[in-house]
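Residue-level listing of the chains:
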Amino acid sequence: MSEAATRRIAPAPGDNSAAAFDVARVRADFPILTQEVFGHPLVYLDSAASAQKPRQVIEAMSHAYETCYANVHRGVHRMSQLTTDAFESGRETVARFLNASSADEIVFTRNATEAFNLLANCFASVNLGHGDEVIISTLEHHANIVPWQLVRDRLGIVLRIVPIDDDGNFLLDAYEALLGPRTKLVAVTHVSNALGTVVPIKQVIERAHARNVPVLVDGCQAMPHIKVDVQALDADFYVFTGHKLYGPTGIGVFYGKSELLKDLPPYQGGGEMIASVTFEKTTFKPPPHRFEAGTPPIVEVIGLAAAIDYVQALGHDAIAAHENGLRSYAETRLAQVPGLHIVGTAREKASIVSFVMDSAHPHDIGTIVDRTGVAVRTGHHCAQPLMQRLGVAATARASFGVYNTRDEVDVLAQALESVHEIFG
Amino acid sequence: MLDDLRELYQEVILDHGRNPRNYRNPPEANRHAHGHNPMCGDSVVVHATVDDTGIIRDVAFEGKGCAISVASASLMTEVLKGKSQTEAKALFERFHDMCTKDHAGDPDGEELERLQVLAGVREFPMRVKCATLAWHTLSAAMAGADDATTE
């Protein structure tokens, strides 16, 4: 798989410049991009919600189903062995991608949301009690808010919220002031899904560690854009999802340091996670399998590994250069649309441009640009507290992936100009 | 502009979206409900005044939303004044059909004709909830519930 990925899409070895990024060749890897929407070429600017899949991922998954498939960790038969090897090799691919110190630190979940719920439940049951504090930020996705609220309602913990400024910057000093004697965990996003703000996560972790507080990072939006090294960051827990990284749905990743995972109790009970079961007493496997009850998302792991191979062959530096170029062009181009305001102008941003228009509600914007083939997300982006902080009910959001082009930004801008004509 | 977009965003809709009618909270209103569309976060509060004989004397609303939901709420407040609660319910059913069914039949009656400007949402299934939010909320208010959602 990785050989095929390399052959098809790799730029010249060692050349990570934006110029080396051949977007036409990248686009040729994504079959869906030949689709038309209402008679127009699909302009897919919603990768932050879910990215499209390259042929390499689709083929890796089809190939598994067609040639190498059985349940894992169960049979002595050949197919089970081969499938188990492919599945566990996927775990090693993820571990290398994150620079985890061991594949045993990689737990597979159904999606990122399940990873947050896993940690909230398991961490709470051994580490949290009435009056203990968990710090989250204003930028969080509901997936990193609601699980903690459920713990709060159950155990009486206190949630502390890191504020942002009007541009969407994470306020590091205000965060530090929240760290106190009852703080048991910091759970913050690496990149805001609604605004694109890149949080200074290394400093967040350093300041928490100075007080012996562990940190969970939501990396869902970061992974497609930023090279993440969990050891360099010294992150205690890091969560991301496959489908935003050009991989399949149905697969999330929960990274945890070995010394922290070993002290966490199981999340769900079932097959796969046990060492032995009697009706009197059951013993559990060590991590990561302790946290993977039941048949795991086998082929999804294989697809995720193919997606990681694909992203690595392109190179994060080249991807970042390409996407930052697009974002910067989009911010300039969209600012020319009358009555349009960009929401979220943090110092450092990933390739997300959120905006509102004086004349039209985001839903009306979304409907109108859709008829010209342009897919953007509209609404609250599963970040309602952030929307409340910014004083907007909703925004429209264009997000850029490896396959997007400046021409597509122009199509969006023209569609937004027609929104202004209709409503202005 | 594309024809179906023109059909959706008719001048009447744009007008009611920009300048909603009966956008207020009358002190005499005796039926209230809050409507919410979880998909987009839009919300509307409907205030109705129903007399002892069950006639809707006044309907007003407040809230934030897209052009479709605000225009629909605005038009609703205009067509319901003087109707009985039973008539209001029947009108909502006919209106809902108009927004969702291709062959809902020609509008009969002045009220349905006025609401016909919203029939364009048929071509935009994701927007039907915008057009019906205020109506769902009114139904909740009539039924004595405090909240309505489009889900």
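(A) Representation of the overall build of chain B in the model. Each helix and strand in chain B was counted, giving 6 helices and 4 strands. Taken against the 2.2 N^0.38 rule, which gives 15 Å for 151 residues, the C-alpha radius of gyration of chain B at 14 Å falls within 12% of a compact globule. Dimensions of chain B, computed from the C-alpha atoms along their principal axes, are close to 45 × 35 × 25 Å. Scored against the burial criterion, the 151 residues of chain B give a buried share of 40%. Pairs at least 24 apart in sequence give 60% of the contacts found in chain B among residues at least 6 apart.

(B) Local environment of the confidence of the model for chain A. The predicted model of chain A has a mean per-residue pLDDT of 94, with 95% of residues at 70 or higher. Predicted confidence for residues 1-16 of chain A stays below pLDDT 50, and this span has 30 contacts to residues more than four positions away or in other chains.

(C) Spotlight on the interface of chain B and chain A. If you look at the interface, chain B gives 16 residues, while chain A gives 16 residues. Per-class residue counts for the side of chain B that touches chain A are 11 nonpolar, 2 polar and 3 charged.

(D) Here's a closer look at the domain arrangement of chain A. Residue and element names in this part refer to chain A. Domain assignment breaks chain A into domain 1 (2-54 + 315-423) and domain 2 (60-312). Placing a centre on the C-alpha atoms of domain 1 and another on those of domain 2 gives a separation of 27 Å. Counting residues at the interface gives 33 residues for domain 1, matched by 30 residues for domain 2. Those elements that place two or more of their residues in the side of domain 1 that touches domain 2 are helix H1 (2-9), helix H12 (316-335), strand E14 (352-357), helix H14 (384-390) and strand E17 (395-399). Per-element accounting of the side of domain 1 that touches domain 2 gives the leading share, 4 residues, to H12. Looking at the side of domain 1 that touches domain 2 residue by residue, the class counts come to 16 nonpolar, 10 polar and 7 charged.

(E) Region of interest: helix H15 (residues 406-423) of chain A. Residues and elements named next belong to chain A. In this model H15 runs 26 Å from its N-terminal to its C-terminal C-alpha over 18 residues, within 8% of the 26 Å that 1.5 Å per residue would give. Within H15, burial applies to Glu408, Val409, Leu412, Ala413, Ala415, Leu416, Val419 and Phe423. The arc that holds every buried residue of H15, seen down its axis, measures 160 degrees, which confines them to one face. Away from its buried face, by an angle of more than 90 degrees, H15 presents the exposed residues Asp407 and Glu421.

(F) Representation of the environment of Leu159 of chain A. Residue and element names in this part refer to chain A. Assignment of secondary structure puts Leu159 in strand E6 (residues 158-162). By C-beta crowding, Leu159 is classed as partly exposed, having 14 other C-beta atoms within 10 Å. Apart from residues no more than four positions distant in its own chain, Leu159 is found in contact with Val134, Ile136, Trp148 and Arg152.

(G) Quick peek at the pairing of E6 of chain A. Inspection of the sheet shows strand E5 (residues 133-137) of chain A paired to E6 of chain A by 5 bridges, in the parallel sense. Looking at the pairing, Ile136 of chain A lines up with Ile161 of chain A of E6 of chain A.

(H) Here's a closer look at the confidence of the model for chain B. Residue and element names in this part refer to chain B. Averaged over all residues, the pLDDT of chain B equals 90, while 97% of them reach at least 70. When mean pLDDT is taken per element in chain B, helix H3 (residues 67-80) scores highest with 96 and strand E4 (residues 147-149) scores lowest with 75. Scored as a complex, the prediction yields pTM 0.92 and ipTM 0.87.

(I) Quick peek at the nonpolar core. Residues and elements named next belong to chain A. The biggest cluster of nonpolar side chains holds 165 residues, and the ones touching the most others in it are Val239, Ile302 and Leu412. With 12 residues, the single largest contributor to this core is helix H11 (residues 298-314). Residues within four places of Ile302 in sequence aside, it is in contact with Ala60, Met61, Ala64, Ala86, Phe87 and Gly90.

(J) Representation of the sheet that holds strand E2 (residues 42-50) of chain B within the structure. Residues and elements named next belong to chain B. With mixed pairing, the 4 strands of this open sheet are ordered in space as E3-E2-E1-E4. Because the sheet does not close on itself, it has two edges, and the strands there are strand E3 (56-64) and E4. Strand after strand, the sheet turns through a mean of 20 degrees between neighbouring axes, direction not considered. This element, H3, spans E2 and E3 of the sheet and lies at about 170 degrees to E3. Strands in contact with helix H6 (residues 128-143) are strand E1 (31-37), E2, E3 and E4; relative to E1, the strand with the most contacts, it is inclined by about 145 degrees.

(K) Spatial organisation of the environment of Asp229 of chain A. Residue and element names in this part refer to chain A. Structurally, the position occupied by Asp229 is in the loop between strand E8 (215-218) and helix H9 (230-233). With 13 C-beta atoms counted inside 10 Å, the residue Asp229 sits in the partly exposed group. Linking Asp229 and Arg96, residues 133 residues apart in sequence, is a C-alpha distance of 9.2 Å.

(L) Quick peek at the pairing of E14 of chain A. All names here are of chain A. Most of E14 sits out of view: 6 of its 6 residues are buried. Side chains Ile352, Ser354 and Val356 of E14 all project onto a buried face; the interleaved residues Val353, Phe355 and Met357 project onto the opposite face, where all are buried too. Where strand E13 (residues 340-343) and E14 come together, 4 bridges link them in antiparallel fashion. Considered in E14, the bridge of Leu340 is made with Met357.

(M) Main features of the packing of helix H4 (residues 78-98) of chain A against H11 of chain A. Residues and elements named next belong to chain A. Running from N to C, H4 and H11 point in directions that differ by 40 degrees, and their axes come no closer than 9 Å. Considering their axes alone, H4 and H11 lie oblique with respect to each other. When the axes of H4 and H11 are compared, the crossing they make is left-handed. Facing H4, whose interface residues are Thr83, Ala86, Phe87, Ser89, Gly90, Thr93, Val94 and Phe97, H11 presents Ile298, Val301, Ile302, Leu304, Ala305, Ile308 and Gln312. Per-class residue counts for the contact of H4 with H11 are 10 nonpolar, 5 polar and no charged.

Calculation rules
- Per-chain numbering applies: the sequence of each chain, read as written, is numbered from 1 onward.
- Note on labels: chains are lettered from A, ligands numbered from 1, in written order.
- Residue-level local features of this predicted model are given only where pLDDT is at least 70; pairs of side-chain atoms are given and counted only at 80 or more, and the full residue set underlies all totals for whole chains, interfaces and linings.
- Only runs of H or I of at least four residues qualify as helices and only runs of E of at least two qualify as strands under DSSP, and these elements are numbered from the N terminus.
- Note on method: radius of gyration uses C-alpha positions; expected globular size equals 2.2 Å times residues raised to 0.38.
- For every residue, the other C-beta atoms within 10 Å of its own C-beta are counted; 20 or more classify it as buried, 12 or fewer as exposed, and values in between as partly exposed. C-beta atoms are placed from the backbone.
- What counts as a contact is two residues whose backbone-derived C-beta atoms lie within 7 Å of each other.
- Here pLDDT means the predictor's own confidence in every residue, given as a number from 0 to 100.
- For this classification, Asp, Glu, Lys and Arg are treated as charged, while Ala, Val, Leu, Ile, Met, Phe, Trp, Tyr, Cys and Pro are nonpolar and the rest, including Gly, are polar.
- Bear in mind that the domain bounds are from an automatic or database domain assignment.
- Any helix carries an expected span of 1.5 Å times its number of residues minus one.
- Note that the arc is computed from the directions linking the helix axis to the C-beta atoms.
- By this definition, two strands are paired if DSSP reports at least two bridges between them.
- The term nonpolar core means buried Ala, Val, Leu, Ile, Met, Phe, Trp, Tyr and Cys residues held together as one set by C-beta atoms within 7 Å.
- The axes used here are C-alpha line fits, helices contributing only the stretch in contact, and every angle between their N-to-C directions lies in the interval 0 to 180 degrees.
- Here is the rule for angles: anything less than 35 degrees is roughly parallel, anything more than 145 is roughly antiparallel, 65 through 115 is roughly perpendicular, and the remaining ranges are oblique.
- Handedness of a crossing follows from how the near helix is turned relative to the far one, being left-handed for an anticlockwise turn of less than a right angle and right-handed for a clockwise one.

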